[in-house]
Amino acid sequence: QVQLVESGGGLVQAGGSLRLSCAASGRTFRGHTMGWFRQAPGKERDFVVAISWRDGSTRYADSVKGRFTISRDSANNTVYMQMSSLKPEDAAVYYCAASSWTGVVPNTTNGYDYWGQGTQVAVSS
């Protein structure tokens with residue numbers, strides 16, 4: 001099993017920044033691909049960004065390109081997502097996810113095996 005714990009959510013004004021963290025643990029965590037999804041009330045869970053632990057390749061949703069940046073700390077099994085220029089439409093519960101897939105970084109929920117509990121991001125206009 002892989003356990004994922006997110007942190008860093010909160011309330012921010014439009015145009016502001018937040019950094020989310022996701023710490024992975026568990027005896028079976030061996031360099032999974034790590035990603036972030038988000039889900040607004042009444043909407044589906046959407047892909048945001050992901051990073052391959054194997055080679056560091058990344059994949060971004062078009063809606064966040066140029067504003068969000070994903071990075072990893074391999075020594076601490078932690079992935080970060082720096083969110084800048086936040087918009088009201090970025091408000092959602094953000095979920096960290098881990099995938100055992102070692103190919104192209106997946107961008108659908110089906111591509112991920114483990115999920116965190118979610119952290120709320122609110123953006124005021």
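Report on the accompanying structure. (Residues numbered from 1 in each chain as written. Predicted model: local features only at pLDDT ≥ 70, side-chain atom pairs only at ≥ 80, totals over all residues. Heavy atoms only, no water.)

### Here we look at the packing of aromatic side chains
Phase 1 of the analysis: Here the structure, examined in full by the defined rule, presents 4 aromatic pairs.
Phase 2 of the analysis: For the pair Phe37 and Phe47, a centre-to-centre distance of 5.5 Å together with 75 degrees between the ring planes defines the contact as edge-to-face. With Phe37 in strand 4 (residues 33-39) and Phe47 in strand 5 (residues 45-51), the pair connects residues that are 10 residues apart, well separated along the chain. Like Phe37, the residue Phe47 is buried in the burial classification.
Phase 3 of the analysis: Here the aromatic rings of Phe37 and Tyr112 are separated by 5.1 Å at their centres, their planes lie at 80 degrees, and the arrangement is edge-to-face. (Phe/Tyr/Trp six-rings, centres within 6.5 Å; stacked < 30°, edge-to-face > 60°. Helix = DSSP H or I, 4+ residues; strand = E, 2+ residues; numbered from the N terminus. Buried < 20%, exposed > 50% of the residue type's maximum accessible area, 1.4 Å probe, protein only.)

### A look at the environment of Arg27
Phase 1 of the analysis: You can see Arg27 is positioned in the loop between strand 3 (18-25) and strand 4.
Phase 2 of the analysis: Judged by relative accessible area, Arg27 falls into the exposed class, the value being 81%.
Phase 3 of the analysis: Taking the C-alpha atoms as reference, Arg27 lies 13 Å from Tyr114; in sequence the two are 87 residues apart.

### Quick word on the sheet that holds strand 3
Phase 1 of the analysis: The 4 strands lie next to each other as 1-3-8-7, forming an open sheet whose pairing is antiparallel. Of all the strands in the sheet, just strand 1 (3-7) and strand 7 (68-73) have a single pairing partner and so form its edges. Across the sheet, the axes of successive neighbouring strands diverge by a mean angle of 15 degrees, strand direction being ignored.
Phase 2 of the analysis: As paired elements, strand 3 and strand 8 (residues 78-83) share 6 bridges and run antiparallel to each other. Within the sheet, the bridge partner assigned to Cys22 lies in strand 8 and is Val79. (Pairing = 2+ DSSP bridges. Axes fitted to C-alpha atoms, helices over the stretch in contact; angles between N-to-C directions.)

Purely geometric numbers; function is a separate question.
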